[in-house]
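# Structure at a glance
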Amino acid sequence: MRFSDDPQRFEPGAHLIHSDGREMVVESSRVHRDRFLVKFAGSESRPDAEGLRGDLFVPPGGVRELGPGEFWPHELVGCEVHLAGGDLVGSVAAVTPGAAQDLVTVTTARGDRLIPLVGAIVVAVDVGARRVVIDPPEGLLD
């Protein structure tokens, strides 16, 4: 994902994986205008830094433990989506970060539908059972 809720994610010595597979080590970081400015070991110039553009991922052993009712957005991909009454709607194809909330792309028999990932609509998520239950407002699935 593109977000992290771990305030130590960019502390010196932290390890991250670049989208091209390179392991990267944080040398220093600071907050600047609601963003982190991060310097990675081995990146000594602006062209070096520009070559690092891309997504960053946490190594498998570096993710935090989730609490009850929490899930990672990528875990929803492939889950069946059902209405609160039980009818099958489709399956989750993707989760996209949004400005106000994440959006779940649900593949249905009538094409893809975007569902806001908010508690008023997504009423239950059971990653273990690979099931998401929604109670959409009228017209959302049309």
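Heads up: the structure comes first, above all this text.
Here goes a summary of the coordinates provided. (Residues numbered from 1 in each chain as written. Predicted model: local features only at pLDDT ≥ 70, side-chain atom pairs only at ≥ 80, totals over all residues. Heavy atoms only, no water.)

It is worth spelling out the nonpolar core at this point. In this structure, Leu76, Val81, Val92, Val104, Ile115, Val132 and Ile134 are the most contacted members of the largest nonpolar core, which totals 14 residues. Breaking this core down by element, the ones donating at least two residues are β6 (88–96), β7 (103–108) and β10 (131–134). Judged by nonpolar contacts, the second largest core, of 7 residues, contains Phe10, Leu16, Met24 and Val26. (Core = buried A, V, L, I, M, F, W, Y, C linked by side-chain atoms within 4.5 Å. Buried < 20%, exposed > 50% of the residue type's maximum accessible area, 1.4 Å probe, protein only. Helix = DSSP H or I, 4+ residues; strand = E, 2+ residues; numbered from the N terminus.)

Next up on the list: the pattern of salt bridges. As a working rule, side chains carrying opposite charge can pair if their charged atoms are close by. Under the defined criterion, the tally for this structure stands at 5 salt bridges. Between Arg22 and Asp20 there is a salt bridge, with its nearest N and O atoms 2.8 Å apart. Its relative accessible area of 36% is what places Arg22 among the partly exposed residues. When the shortest N-O distance is used, the salt bridge between Glu50 and Arg46 registers 3.0 Å. Here Arg46 and Glu50 lie together in helix α1 (residues 46–50), a separation of 4 residues that amounts to about one turn. For Glu50, a relative accessible area of 38% corresponds to the partly exposed category. What you see here is one network of salt bridges that share partners, running through Glu27, Lys39 and Glu44. (Salt bridge = Lys/Arg side-chain N within 4 Å of Asp/Glu carboxyl O.)

For the rest of this paragraph, the subject is the packing of aromatic side chains. Evaluation of the coordinates by the stated rule reveals 1 aromatic pair. Here Phe10 and Phe36 contribute two aromatic rings whose centre-to-centre distance is 5.0 Å and whose plane-to-plane angle is 45 degrees, an arrangement assigned as tilted. In this pair, Phe10 is assigned in the segment before β1 (15–18) and Phe36 in strand β3 (residues 35–40), connecting sequence segments 26 residues apart. (Phe/Tyr/Trp six-rings, centres within 6.5 Å; stacked < 30°, edge-to-face > 60°.)

Below, the discussion takes up the environment of Val132. Position of Val132 among the secondary structure elements: in strand β10. Note: C-alpha distance between Val132 and Leu76 (56 residues apart in sequence) is 7.8 Å. Excluding residues that lie within four positions of it along the chain, Val132 makes contacts with Leu76, Cys79, Glu80, Val81, His82, Val92, Val122, Ala124 and Val125. (Contact = heavy atoms within 4.5 Å.)

With that settled, consider the environment of Glu65. Examined against the element boundaries, Glu65 turns out to sit in the loop between β4 (56–57) and β5 (80–83). Sequence spacing of Glu65 and Lys39 is 26 residues, and the spatial spacing of their C-alpha atoms is 27 Å.

Here the focus is the environment of Gly119. In this structure, Gly119 sits in the loop between β8 (111–116) and β9 (122–126). Residue Gly119 is classed as exposed on the basis of its relative accessible area of 58%. The sequence separation of Gly119 and Ile134 amounts to 15 residues, and the corresponding C-alpha distance is 9.0 Å.

Glycine aside, a negative phi is what most residues show, and trans is what most peptide bonds show. Its identity is not glycine, yet Arg130 carries a phi of approximately 60 degrees, on the positive side. With respect to the element layout, Arg130 can be found in the loop between β9 and β10. Note on Arg130: relative accessible area 32%, which makes it partly exposed.

This part covers the sheet that holds β9. Taken in spatial order, the 6 strands make up an open sheet running β8-β7-β6-β5-β10-β9, and their pairing is mixed. Edge strands, defined here as strands with exactly one partner in the open sheet, are β8 and β9. Taking the axes of each pair of neighbouring strands and ignoring which way they run, one obtains an average angle of 30 degrees across the sheet. Sheet topology places β9 next to β10; 4 bridges connect them, and they run antiparallel. Residue pairing for β10: Ala124 is matched across the bridge by Val133. (Pairing = 2+ DSSP bridges. Axes fitted to C-alpha atoms, helices over the stretch in contact; angles between N-to-C directions.)

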